[in-house]
Amino acid sequence: QVQLVESGGGLVQAGGSLRLSCAASGSIIFSIHTMGWYRQAPGKQRELVAIITSGGSTNYPDSVKGRFTISRDNARNTVDLQMNSLKLEDTAVYYCHSAWGSLSYWGQGTQVTVSS
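So, how was this worked out
Residues numbered from 1 in each chain as written. Predicted model: local features only at pLDDT ≥ 70, side-chain atom pairs only at ≥ 80, totals over all residues. Heavy atoms only, no water. Salt bridge = Lys/Arg side-chain N within 4 Å of Asp/Glu carboxyl O. Disulfide = S-S within 2.5 Å. Helix = DSSP H or I, 4+ residues; strand = E, 2+ residues; numbered from the N terminus. Buried < 20%, exposed > 50% of the residue type's maximum accessible area, 1.4 Å probe, protein only. Pairing = 2+ DSSP bridges. Axes fitted to C-alpha atoms, helices over the stretch in contact; angles between N-to-C directions. Contact = heavy atoms within 4.5 Å. Polar contact = N/O pair within 3.5 Å; in protein donor to acceptor, adjacent residues only side chain to side chain.

K.L.:
Got a sec to walk through the pattern of salt bridges? Specific residues and values, please.
P.N.:
Counted according to the given criterion, the structure contains 6 salt bridges. Shared partners join several salt bridges into a network, and the residues in it are Arg39, Glu47, Arg67 and Asp90.

K.L.:
Describe the state of the cysteines, listing the residues and the values that go with them.
P.N.:
The full count for this structure, using the stated rule, is 1 disulfide. Cys22 shares a disulfide with Cys96; S-S distance 2.1 Å. As the torsion about the S-S bond is roughly -80°, the Cys22-Cys96 disulfide counts as left-handed. Of this pair, Cys22 sits in strand E3 (residues 18-26) while Cys96 sits in strand E9 (residues 92-100), and the two are 74 residues apart along the sequence. You can call Cys96 buried: its relative accessible area is 0%.

K.L.:
Go over unusual backbone geometry with me, naming the residues and quoting the values.
P.N.:
One non-glycine residue, Asn77, lies in the positive phi region at around 60°. Inspection of the secondary structure assignment puts Asn77 in the loop between strand E7 (68-73) and strand E8 (78-83).

K.L.:
Describe the pairing of E3, naming the residues involved and giving the relevant values.
P.N.:
Judged from the 6 bridges that link them, strand E1 (residues 2-7) and E3 form a sheet pairing that is antiparallel. Paired with Val2 across the strands is Gly26, a residue of E3. Bridge count for E3 against E8 is 6 bridges, and the pairing is antiparallel. Paired with Leu18 across the bridge in E8 is Met83.

K.L.:
Give me the lowdown on the sheet that holds E7, citing residues and values where you can.
P.N.:
Reading across the sheet, the 4 strands line up as E1-E3-E8-E7 and stay open at both edges, with antiparallel pairing between neighbours. If you trace the sheet from one side to the other, it starts and ends with E1 and E7, each paired once. The average undirected angle you get between the axes of adjacent strands in this sheet is 15°.

K.L.:
Describe the pairing of strand E10 (residues 103-106), with residues and values.
P.N.:
Relative to E10, E9 is paired through 4 bridges, and the arrangement is antiparallel. In the sheet register, Ser98 faces E10, and the bridge partner there is Tyr105. What sits between the antiparallel neighbours E9 and E10 is a turn of 2 residues, in which Gly101 has the positive phi angle 60°.

K.L.:
Residues and numbers for the environment of Thr110, please.
P.N.:
Within the element layout of this structure, Thr110 appears in strand E11 (residues 110-115). The spacing of Thr110 and Tyr95 is 15 residues in sequence and 6.6 Å in space, taken between C-alpha atoms. Residues in contact with Thr110, not counting those within four places in the same chain, are Glu6, Gly9, Leu20, Ala92, Val93 and Tyr94. Among the polar contacts made by the side chain of Thr110, one reaches the main-chain amide nitrogen of Gly9 at a distance of 3.3 Å.

K.L.:
Describe the environment of Val93, with residues and values.
P.N.:
Within the secondary structure, Val93 is located in strand E9. The sequence separation of Val93 and Gln108 amounts to 15 residues, and the corresponding C-alpha distance is 9.3 Å.

In short, geometric facts, not functional conclusions.
In structure tokens:
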């Protein structure tokens, strides 16, 4: 069993910042997993926000590039998402994801709401 637990979501004004954290526990060799953050807004498909490989390489879609930063701490089994210059369109439920080979795990999600 593997558990991913997100924290740090909440309500923030446009232009503000939030930091999300995801803690992994259970039967997982965290350091070899590719970790990612996804989000899903009402009525929309889940989309990738940021990804970080076991080697530390990162990738972001253009919509968040330069504003969001993903990082991982393999000693603590955590992956964080620093979100700056938040926009109204960043409002969504944010999910933590881990993957290695055929293994894939999701967290329960944390709500981020950006207000004007």
